[in-house]
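Overview (structure and organization)
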Amino acid sequence: QVQLVGSGGGLVQTGGSLSLSCAASVSILSFDAMAWYRQAPGKQRELVALITSYGDTNYADSVKGRFTISRDNAKNTVDLQMNSLKPEDTAVYSCTARGTGSIWRYWGQGTQVTVSS
């Protein structure tokens, strides 16, 4: 059974940094891609960053240049380094993974990120 466990959220001031980590119970090489989504109160869930099994990345325009997604195949983890955080980055961040196809099949439990102004 595939499990994803996210960690690393917390409270930080505007301009600060946080790092999120997603640990998988299986080899992440079995996934076509992994990603971080976020959902703020009253808003739809949105894709923040994605990384493929080849290491290709994609970011939401709102986080480009500030966030970096990376993967460690040996540790079966995907990390999200978040710098220059803004209050609008406040949300619950969840990691997810998919096999071939476009459906994000596996989800972590979510971790709260709060950026104070």
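What comes next concerns the included structure. The shown structure was predicted, so the numbers you read here are calculated from the model rather than taken from an experiment.

Remarks on the overall build of the chain
Scanning the chain from N- to C-terminus turns up zero helices and eleven strands. Listing the helices and strands of the chain from first to last along the sequence gives β-β-β-β-β-β-β-β-β-β-β. On C-alpha atoms alone, the chain measures out to a radius of gyration of 13 Å, which is about the 13 Å that the 2.2 N^0.38 rule sets for 117 residues. Along the first, second and third principal axes, the C-alpha set of the chain runs to 40 × 25 × 25 Å. Counting across all 117 residues of the chain, residues that qualify as buried make up 42%. A separation threshold of at least 6 residues defines the contact pool for the chain, and within that pool the share at least 24 residues apart is 54%. Accessible surface, the chain as shown: approximately 6200 Å² in total, 46% of it carbon and sulfur. Looking at the chain, you have 10 positive and 8 negative side-chain charges, and the mean spots of the two groups are 3 Å apart.

Considerations on the pattern of salt bridges
Two side chains that carry opposite charge are able to pair once their charged atoms sit near each other. Following the criterion strictly, the structure yields five salt bridges and no others. Across the pair Arg38 and Asp89 runs a salt bridge, and its minimum N-O distance is 3.0 Å. Within this pair, whereas Arg38 is found in strand S4 (residues 33-39), its partner Asp89 is found in the loop between strand S8 (77-82) and strand S9 (91-98), the two being separated by 51 residues in sequence. Both residues of the pair, Arg38 and Asp89, count as buried. For the salt bridge of Lys64 with Asp61, the shortest nitrogen-to-oxygen distance reads 3.1 Å. Given the relative accessible area of 48%, Lys64 is considered partly exposed. Overlapping salt bridges bring together Arg38, Glu46, Arg66 and Asp89 as one network.

Criteria and cut-off values
Residues numbered from 1 in each chain as written. Predicted model: local features only at pLDDT ≥ 70, side-chain atom pairs only at ≥ 80, totals over all residues. Heavy atoms only, no water. Helix = DSSP H or I, 4+ residues; strand = E, 2+ residues; numbered from the N terminus. Rg over C-alpha atoms; globule rule 2.2 N^0.38 Å. Buried < 20%, exposed > 50% of the residue type's maximum accessible area, 1.4 Å probe, protein only. Contact = heavy atoms within 4.5 Å. Areas by Shrake-Rupley, 256 points an atom, 1.4 Å probe, with all protein chains shown as cover. Lys, Arg positive; Asp, Glu negative; His and termini not counted. Charge placed at Lys NZ, Arg CZ, Asp CG, Glu CD. Salt bridge = Lys/Arg side-chain N within 4 Å of Asp/Glu carboxyl O.

Everything listed here is a matter of geometry and, on its own, says nothing about what the molecule does.
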